[in-house]
Amino acid sequence: MPVIAAVVGAFMTGLTYYFIYGNGMAQLDHFLGDRRNAKLRAKSEAAFRAAPLRAIRDPADAAGVLMMLVALARGTPTPEQEAAIEAEMRTITAPDDDHGTRMAYIRHAASQAADANTAVDHLAPLLRDKLTASERDDLERMLEAVAVIHGGPIEAQERFIARTVRVLAEQH
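Since we're looking at a predicted model, the values are computed, not measured.

Engineer: What exactly am I supposed to notice about the layout of surface pockets here?
Structural biologist: Empty space among the atoms becomes apparent when a probe as large as a water molecule is rolled across them. One number sums up the size of the largest pocket: a volume of about 170 Å³. Along the walls of the largest pocket sit Asp58, Pro59, Ala60, Ala63, Ile92, Leu127, Leu131, Glu135, Asp138, Leu139 and Met142, which together make up its complete lining. Tallied by class, the residues present in the lining of the largest pocket amount to 8 nonpolar, no polar and 3 charged.

This is how it looks when you write it as structure tokens:
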């Protein structure tokens, strides 16, 4: 029994010296700080990643991001899908517009979205305010035009399009 007490006493003495004179407090603060701040850091990162979506003020850009998200639902967008998105963008933007820059912004904003549903939630208020009912129908047609490339829409694309149409039809 005295041997156990001596071992426990030596361990506790070493632990005390580690916390007082060693790096123990810094390690403990680092560990506890990471656990406390993980939730705040995740929230901050999500807000940072959503910034390109929140910055969109033009409904044409919002439509482009949604079309890119339809393409991303199948995987990495192919040149055919990007060509279809750019062709659809040319129908709703000015002819003298810089479509290369617009497509680069659309790619970036779509890639920064945490997921497609979050992107729809960010873009829905803008599209509800700026688009008429017939323009929302045109947007649905554009989304479906991108989805049919490469053998028709897959289930993920169909769900995304259906959710987008449903969210845009809601009155707030």
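Having seen the model, we can carry on.
Engineer: Would you mind showing me how to read the nonpolar core here?
Structural biologist: Inside soluble globular proteins, nonpolar side chains tend to come together where they are buried. Residues Val65 and Leu66 are the most contacted members of the largest nonpolar core, which totals 35 residues. Elements supplying a minimum of two residues to this core: helix H4 (59-72), helix H5 (79-92), helix H6 (99-112), helix H7 (116-130), helix H8 (133-147) and helix H9 (155-169). The biggest single contributor to this core is H4, with 10 residues. Once residues within four sequence positions are removed from consideration, Val65 is found in contact with Leu53, Ile56, Ile106, Ala109, Ala110 and Leu123.

Engineer: Got a minute to help me understand H4 in this structure?
Structural biologist: Working note: α-helix, 3.6 residues per turn, so residues spaced by three or four point in the same direction. Under the 1.5 Å per step criterion, the end-to-end length of H4 is 20 Å for 14 residues, consistent within 8% with the ideal 20 Å. Across the 14 residues that make up H4, a large majority, 13, are buried. Two or three places before Ala60, at the start of H4, stands the capping residue Asp58, its side-chain oxygen 3.1 Å from that residue's backbone nitrogen.

Engineer: Is there a simple way to think about the side chain of Arg102 in this case?
Structural biologist: Among the structural elements, Arg102 can be located in helix H6. For Arg102, a relative accessible area of 15% corresponds to the buried category. For Arg102, the side chain forms a polar contact with the side chain of Asp97, separated by 2.5 Å. Beyond its immediate sequence surroundings of up to four residues, Arg102 is in contact with Asp58, Ala60, Asp61, Met89, Thr93 and Asp97.

Conventions used here
Residues numbered from 1 in each chain as written. Predicted model: local features only at pLDDT ≥ 70, side-chain atom pairs only at ≥ 80, totals over all residues. Heavy atoms only, no water. 1 Å grid on protein atoms, 1.4 Å probe; cavity = no way out; pocket = protein on both sides within 12 Å on 5 of 7 lines; lining within 4 Å. Points joined across faces, edges and corners; volume = space filled by probe spheres on them. Nonpolar A, V, L, I, M, F, W, Y, C, P; charged D, E, K, R; others polar. Core = buried A, V, L, I, M, F, W, Y, C linked by side-chain atoms within 4.5 Å. Buried < 20%, exposed > 50% of the residue type's maximum accessible area, 1.4 Å probe, protein only. Helix = DSSP H or I, 4+ residues; strand = E, 2+ residues; numbered from the N terminus. Contact = heavy atoms within 4.5 Å. Expected span 1.5 Å × (residues − 1). Polar contact = N/O pair within 3.5 Å; in protein donor to acceptor, adjacent residues only side chain to side chain.

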